[in-house]
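If you want the building blocks of each chain, they are given just below.
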Amino acid sequence: MVDLKTMYMGLELKNPIIIGSSGLTSNLDSIKQMSKAGSSAVVLKSLFEEQIMMKVNQSMGDYNPFHGHTEMYDYQKYFEKQHILEEYLQLIKDAKKAVDIPIIASINCMSSAEWTKFAKDIERAGADALELNIFLLPSDPKMEGKDNENVYFDIIKKVTSEISIPISIKISHYFDNLANTLQRFSQTKIKGMVLFNRFYNTDIDIEKEELVGGNFYSTSDDMSNTLRWIGIMNGLVECDLCATTGIHNGKDAIKFLLAGASAVQMVSSIYINSADIIETSLREVKDWMEKHNYKSIDEFRGKLSKTSEMNTALYERVQFMKYFGTKKK
Ligand SMILES: Cc1cc2nc3c(=O)[nH]c(=O)nc-3n(C[C@H](O)[C@H](O)[C@H](O)COP(=O)(O)O)c2cc1C
């Protein structure tokens with residue numbers, strides 16, 4: 001009998017497929033549907049730092065909704081945002097009652113401002129963990145790599161000092177020395193790292209001569225950067241690794257487990273295929289484990305990470321030498 005259980009950030013998950021933060025996890029009905037379809041945890045749709053700051057500023061007397069020329073608009077927006085925070089906490093409470101899988105709250109942030117105190121409310125509402133989606137596009141040439149990194153460390157320090165539920169960071173790969181930075185992040189009090197954030201791709205419409213968004217959903221082809229870095233970082237980090245971007249089926253999930261991930265997150269595939277893909281993917285993982293005589297995920301997790309010398313060469317080969325060396329005309 002094959003056992004799909006896995007540990008992620010100290011949480012026991014019944015299988016490695018988590019639903020990533022998205023519209024799929026923004027309301028109770030959908031969360032119930034994801035749980036029923038077999039997912040082992042959900043990461044709630046993110047609250048944004050700005051949404052929390054609206055409330056913080058108001059309580060500090062800095063925010064006056066009646067000020068300025070767009071009074072009514074601001075006023076309306078202010079109350080909408082107040083409402084959003086309460087709704088978010090209520091969603092955590094309702095989801096905890098409605099399903100028996102871990103509920104991971106999510107905040108999208110880019111500074112360590114006062115919003116960090118809101119993490120306490122999230123913990124009190126009953127969330128099992130908190131995922132911080134931190135993203136600063138290092139597009140300012142005046143900023144040095146370490147300035148960028150310091151923002152991440154400040155956020156981690158502040159939030160980990162507020163709460164005791166496990167915290168993960170969901171990040172991009174835009175760092176000076178990625179392996180070194182990821183390792184140092186893992187040596188803080190975080191319990192997990194979610195690699196890598198996927199952003200709307202940038203494209204240009206040459207007829208309209210304007211910037212447009214690229215593909216909204218990923219494909220399995222988008223996974224390779226994350227797969228490489230999960231494989232490289234397994235064994236080098238002091239927290240769990242979770243994969244996001246391009247995981248569309250059970251075969252994709254197996255690749256990330258072999259590279260060393262504790263769990264994977266799926267989003268695009270569910271939008272494209274429906275929640276039924278969760279069960280199909282879990283079946284694929286089970287069938288593969290049976291075929292390869294594995295009884296538990298721990299028996300093969302990280303088997304193909306960079307830890308062996310042969311794999312080091314493969315993970316670090318960034319050129320197409322082999323391809324061009326053997327390609328026939
Ligand atoms: C419609 C949609 C909404 C999303 N909303 C969020 C969000 O609120 N917070 C977040 O951290 N990621 C968000 N994401 C990113 C996903 O969680 C995920 O990291 C990304 O889509 C890559 O995974 P995938 O290849 O399985 O789609 C969103 C993605 C989609 C497609």
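Up top you'll find the structure we're talking about.
A few points on the structure.

Calculation notes
- Counting restarts for each chain: residues are numbered from 1 in the order of the written sequence.
- Whole-chain, interface and lining totals are the exception, using all residues; otherwise, since this is a predicted model, local features are given only for residues with pLDDT of at least 70 and side-chain atom pairs are given and counted only at 80 or more.
- Only hydrogens and water are set aside when side-chain values are computed; all heavy atoms of the structure are taken into account.
- Pairs were defined over the aromatic rings of Phe, Tyr and Trp, the Trp ring being its six-membered one, requiring ring centres within 6.5 Å. Orientation was assigned from the angle between planes: stacked under 30 degrees, edge-to-face over 60, tilted for the rest.
- Put simply, DSSP H or I for four residues or longer makes a helix, DSSP E for two residues or longer makes a strand, and each gets a number counted from the N terminus.
- Burial classes follow relative accessibility: with a 1.4 Å probe on protein chains only, a residue under 20% of its type's maximum area counts as buried, one over 50% as exposed, and anything between as partly exposed.
- Here, strands pair whenever DSSP counts at least two bridges between them.
- Polar contacts, as used here, are pairs of N or O atoms within 3.5 Å; protein pairs need one atom able to donate a hydrogen and one able to accept it. Residues neighboring in sequence count only if both atoms are side-chain atoms.
- Every residue pair with non-hydrogen atoms within 4.5 Å of one another is taken to be in contact.
- The definition of a nonpolar core used throughout is a set of buried Ala, Val, Leu, Ile, Met, Phe, Trp, Tyr and Cys residues joined through side-chain atoms within 4.5 Å.
- We count a salt bridge whenever a side-chain nitrogen from Lys or Arg sits within 4 Å of a carboxyl oxygen from Asp or Glu.

1. Let's talk about the packing of aromatic side chains
Scanning the model with the defined rule gives ten aromatic pairs in all. Between Y152 and F175, the ring centres sit 4.9 Å apart and the planes meet at 70°, which makes this aromatic pair edge-to-face. Of this pair, Y152 sits in helix α5 (residues 145-162) while F175 is found in the loop between β8 (167-171) and α6 (178-186), placing the two residues 23 residues apart along the sequence. Residues Y152 and F175 agree in their burial class; the two are buried. Measuring from centroid to centroid gives 5.2 Å for Y217 and Y271, while their planes differ by 25°, and the two rings are stacked.

2. So, the pairing of strand β6 (residues 103-109)
Of all seven residues in β6, seven are buried; the element is thus mostly enclosed. Residue alternation in β6 divides its side chains into two sets, I103, A105, I107 and C109 and I104, S106 and N108, and both sets are buried. Two strands pair when backbone bridges link them, and strand β4 (residues 41-43) and β6 are joined in this way by two bridges, in the parallel orientation. Bridge assignment links V43 to a residue of β6, and that residue is I104.

3. Regarding the side chain of T245
Take T245: it is sitting in the loop between β12 (240-243) and α8 (250-259). Side-chain polar atoms of T245 contact the backbone oxygen of F196, separated by 2.9 Å. Those residues in contact with T245, other than ones at most four positions away along the chain, are F196, N197, R198, D222, M223, T226 and F256.

4. Let's talk about the nonpolar core
Counting residues in hydrophobic clusters, the biggest one holds 86 residues, and the most contacted among them are I122, L130, L132, F185 and M193. Apart from the residues within four sequence positions on either side, F185 is in contact with E149, Y152, F153, I156, I169, I171, F175, I190 and M193. Within the second largest apolar cluster, twelve residues are counted, among which are Y8, A41, V194 and C242.

5. A word on unusual backbone geometry
Of note, the bond from L195 into F196 is cis; its omega dihedral lies within 30 degrees of zero at -20°. Within the secondary structure layout, F196 lies in the loop between β9 (192-195) and β10 (202-205). The backbone of E209 shows a phi angle near 50°, a positive value even though the residue is not glycine. You can see E209 is positioned in the loop between β10 and β11 (210-213). According to the relative accessible area criterion, E209 is exposed, its value standing at 69%.

6. Some thoughts on the pattern of salt bridges
Throughout the structure, instances matching the rule amount to 13 salt bridges. Between K142 and D140 there is a salt bridge, with the nearest N and O atoms lying 3.8 Å from each other. Exposure remark for K142: the relative accessible area of 72% places this residue in the exposed category. Salt-bridge contacts for D287 lead to R283; the nearest nitrogen and oxygen are separated by 2.9 Å. Taken together, the residues D287 and R283, both in helix α10 (residues 276-291) and four residues apart, mark about one turn of the helix. Connected via shared salt-bridge partners are K117, K120 and E162.

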